[in-house]
Amino acid sequence: MPHKPRLLVVEDEPAIRTGLVDVFTFHGFDVDYAEDGDSGLHKALSGAFDMILLDVMLPKQDGYSLCAAIREQDRKQPVIMLTARNTDEDIIHGLSLGADDYVAKPFSITQLVLRVQAVLRRSGFEEQTDHLIHLANGTTIDSVNLCCQQNDTTTAFTKREMEILQYLHRHNERPVPREELLHKVWGYDQTLNIETRTVDIHIAKLRRKLEAEPKHPQCLITVRGGGYKLLSTTGPV
Ligand code: CA
């Protein structure tokens, strides 16, 4: 089984650094970070990362000198440079030092994630995506990080909510009755006469998180007389 891609973020601006760590963690990366050039270089040269996101303007040492030092040690280490400086000269300088790609700030997170994934694929990294469930409305559920992502918005789930989604996903060839969810997800004995409203309340909460119009669900649907069904574009896992 392929491991999670390991990413190093070298960025001194706390807001950008935290944002990058969160976004890439959500996308299934194992993320570490450094706040300045010296500690960034130390971590980058450890060889422990599948990808390095390198800011150019950094305290102590700039991203260009880090990139050059990384290349000197390892010609194949994937590196993408991030910077507010986006003149042709800066881009040529970064690429001539061996960066695999160059993304100018302010960047679109979606585009950055795609660029990182593209460079990773070129480097031969095999992505681990079996923890992601893609819904027809464009929402991606991440069962490892207990959240979902739609456009640039991340919404958290409770463990119970994720267990419901995973159970429905595993059995998405048929509607799942409420009683079965109570038995399999909650662990209640089927012989007990438990209030099935518990299930409905959880489904309503999930719809508010997953659906554009919770009252007219497109992905987490009710099958009359049958139960609930999760419509995904990912096959059952
Ligand atoms: Ca900076």
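Residues numbered from 1 in each chain as written. Predicted model: local features only at pLDDT ≥ 70, side-chain atom pairs only at ≥ 80, totals over all residues. Heavy atoms only, no water.

(A) Spatial organisation of the pattern of salt bridges. Throughout the structure, instances matching the rule amount to 15 salt bridges. Ionic pairing is found between Arg-6 and Asp-50, a salt bridge with its closest N-O pair at 3.4 Å. Of this pair, Arg-6 sits in strand E1 (residues 6-10) while Asp-50 sits in the loop between helix H2 (37-44) and strand E3 (51-55), placing them 44 residues apart in sequence. With a relative accessible area of 14%, Asp-50 lands in the buried category. Note that Lys-105 and Glu-13 form a salt bridge whose closest N and O atoms lie 4.0 Å from each other. Separated by 92 residues along the polypeptide, Lys-105 in the loop between strand E5 (101-104) and helix H5 (109-122) and Glu-13 in the loop between E1 and helix H1 (14-26) bring together distant segments of the chain. When its relative accessible area of 40% is taken as the criterion, Glu-13 is described as partly exposed. (Salt bridge = Lys/Arg side-chain N within 4 Å of Asp/Glu carboxyl O. Helix = DSSP H or I, 4+ residues; strand = E, 2+ residues; numbered from the N terminus. Buried < 20%, exposed > 50% of the residue type's maximum accessible area, 1.4 Å probe, protein only.)

(B) Summary view of unusual backbone geometry. Of note, the amide linkage connecting Lys-105 to Pro-106 takes the cis form, showing an omega dihedral of -5°. Take Pro-106: it is sitting in the loop between E5 and H5. The backbone of Lys-60 sits at a positive phi, close to 75°, despite the residue not being glycine. Among the structural elements, Lys-60 can be located in the loop between E3 and helix H3 (63-73). Judged by its relative accessible area of 65%, Lys-60 is exposed. One non-glycine residue, Leu-146, lies in the positive phi region at around 50°. Mapped onto the fold, Leu-146 is located in the loop between strand E7 (140-142) and strand E8 (147-150). For Leu-146, a relative accessible area of 28% translates into the label partly exposed.

(C) Inspection of the sheet that holds strand E6 (residues 132-134) at higher detail. Pairing in this open sheet of 4 strands is antiparallel, and the strands run E6-E7-E8-E9 from one edge to the other. Where the open sheet ends on each side, the last strands, each with one partner, are E6 and strand E9 (153-156). Averaged over all pairs of adjacent strands, the angle between strand axes in this sheet comes to 20°, irrespective of strand direction. Note: E6 against E7, 3 bridges, orientation antiparallel. In the strand pairing of E7, Ile-133 is matched with Ile-141. Running over the sheet, helix H6 (residues 159-170) touches E6, E7, E8 and E9 and is turned about 115° from E7. (Pairing = 2+ DSSP bridges. Axes fitted to C-alpha atoms, helices over the stretch in contact; angles between N-to-C directions. Contact = heavy atoms within 4.5 Å.)

(D) Just the nonpolar core, in detail. Counting residues in each nonpolar core, the largest one holds 23 residues, and the members touching the most others are Ile-141, Phe-157, Ile-164, Leu-165, Leu-168, Leu-181 and Leu-210. When contributions to this core are tallied by element, the ones reaching two or more residues are H6, helix H7 (178-186), helix H8 (197-210) and strand E11 (227-230). Top element by residues in this core is H6. It accounts for 5 residues. For Phe-157, the contacting residues outside a window of four places in its chain are Ile-141, Leu-146, Cys-147, Cys-148, Met-162, Leu-165, Leu-206, Lys-209 and Leu-210. Counting residues in each nonpolar core, the second largest holds 20 residues, with Leu-7, Leu-82, Phe-107 and Leu-120 among its members. (Core = buried A, V, L, I, M, F, W, Y, C linked by side-chain atoms within 4.5 Å.)

(E) Focus on H8. Counted at 1.5 Å a residue, the expected span for H8 with its 14 residues is 20 Å, and the 20 Å between its end C-alpha atoms agrees. Contacts made by the buried residues of H8 are with E7, E8, H6, H7, strand E10 (220-223) and E11. (Expected span 1.5 Å × (residues − 1).)

(F) Examining the coordination of the calcium ion more closely. At this site the calcium ion is bound by Asp-12 (OD), Asp-55 (OD) and Met-57 (O), with donor distances of 2.1 to 2.3 Å. In terms of primary sequence, the donors binding the calcium ion are separated according to D-x42-D-x1-M. For Met-57, a relative accessible area of 49% corresponds to the partly exposed category. (Donors = N, O, S within 2.8 Å, 3.2 Å for Na, K, Ca; no water.)

(G) Looking closely at the packing of aromatic side chains. Enumeration according to the criterion identifies 1 aromatic pair in this entry. Between the aromatic rings of Phe-24 and Phe-29, the centroid separation amounts to 5.1 Å while the plane-to-plane angle is 90°, which identifies the pairing as edge-to-face. Above the plane of the ring of Tyr-33 lies Lys-43, whose end atom (NZ or CZ) is 6.0 Å from the centre. (Phe/Tyr/Trp six-rings, centres within 6.5 Å; stacked < 30°, edge-to-face > 60°. Lys NZ or Arg CZ within 6 Å of the ring centre and 35° of its normal.)

Read these as geometric descriptors, not functional statements.
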